[in-house]
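# Analysis of the macromolecular model
Spelled out from the first residue to the last, the chains are:
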Amino acid sequence: MKNNIKLYLKKTFLEPMFHNLHKVKKMHKLQASKNDWQEKAQKGEFAFHRTNEWRNSPRFMEDTILLFESMGFDRDEYKGKVVMDIGAGSKLRGKFFREAKLVAIEPMADDCVREIPWTDLKDAYKLYSLPAEERIEEMQDHADLIFSINVLDHCYDFEKIVENIHAYLKPGGLAFLSFDEHFVTDSMHPLILTDDICIGVFEKYGFKIKKKSKGFHGAYKAKKKITTYGHGIFCLNYWLTK
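Bear in mind the structure is a predicted one, so any value in this text is a computation, not a measurement.

Let us look at the overall build of the chain. Summing up its helical and strand segments, the chain has 7 helices and 7 strands in all. Along the chain, helices (α) and strands (β) appear in the sequence α-α-α-β-β-α-β-β-α-β-α-β-α-β when read from the amino end. A total of 242 residues make up the chain; the buried ones form 52% of that total. A separation threshold of at least 6 residues defines the contact pool for the chain, and within that pool the share at least 24 residues apart is 72%.

Shown next as structure tokens:
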């Protein structure tokens, strides 16, 4: 109950106030303490995933299918190709893509496999229990599609992650990144990623912005009637190429 009240106050009062301040101050936060991230954010994330009823139900894949299709993806377009999930959590969204080779990068992966009976992370073609900030050299130029959903504002070094995603993506591949734009941090959301700062970072590391949008689209928007994954005013969506 207490956490629900805090979230309501944050979304209703703090986020709109700091959103307006951002228009003047251009606030952003691309780095946070790795130690705090490990001790606070990751412990909080694992406790959340361990008891998450939505992920441990058919609704998770139903919503995932609706989300990807609303963002313009087809279930059969990456058959036999490498699809990488940055921040997979406890369940593989990448199963949306039928017959794809799924690579999952998730810092809690070992804990999930060991302690969450319903996790399907072990079904991945390759699974790395590492933060997205740590480079995996064998993944260089390896992925046809890289996606990350509701993750990057939960991390501790946005620029390192963007640099790694660029390294992992094959020439001609696509990166789809979707995360909340918010202006107030907390222990599980230590970064402030805004549209204006993200564009500069993407271009700095060699990406071309094929498309971008705010909020959700199509049938997913109509069904869920939300504009974010849970924080801020809108989520940000980017389709990036090398």
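Applying the stated rule across the entire model yields 17 salt bridges. With its nearest N and O atoms 2.2 Å apart, the salt bridge here joins Arg114 to Asp111. Of this pair, Arg114 and Asp111 both sit in helix 4 (residues 109–115), 3 residues apart, roughly one helical turn. Accessibility expressed as a relative area gives 56% for Arg114, which makes it exposed.

This paragraph deals with the nonpolar core. Core analysis: the largest hydrophobic core is formed by 36 residues, its most contacted members being Met84, Ile86, Ile146, Leu152, Phe158, Phe179 and Phe202. Where this core is concerned, the elements lending two or more residues are strand 1 (82–86), strand 2 (101–105), strand 4 (143–149), helix 5 (158–168), strand 5 (169–181), helix 6 (195–204) and strand 7 (234–241). Discounting chain neighbours no more than four positions away, the residues touching Phe179 are Asn150, Leu152, Asp153, Phe158, Leu193, Cys198, Tyr229, Cys235, Leu236 and Tyr238. If you look at the next biggest cluster of nonpolar residues, it comprises 32 residues, including Phe46, Met71, Met108 and Trp118.

About the cut-offs
- Residues numbered from 1 in each chain as written.
- Predicted model: local features only at pLDDT ≥ 70, side-chain atom pairs only at ≥ 80, totals over all residues.
- Heavy atoms only, no water.
- Helix = DSSP H or I, 4+ residues; strand = E, 2+ residues; numbered from the N terminus.
- Buried < 20%, exposed > 50% of the residue type's maximum accessible area, 1.4 Å probe, protein only.
- Contact = heavy atoms within 4.5 Å.
- Salt bridge = Lys/Arg side-chain N within 4 Å of Asp/Glu carboxyl O.
- Core = buried A, V, L, I, M, F, W, Y, C linked by side-chain atoms within 4.5 Å.

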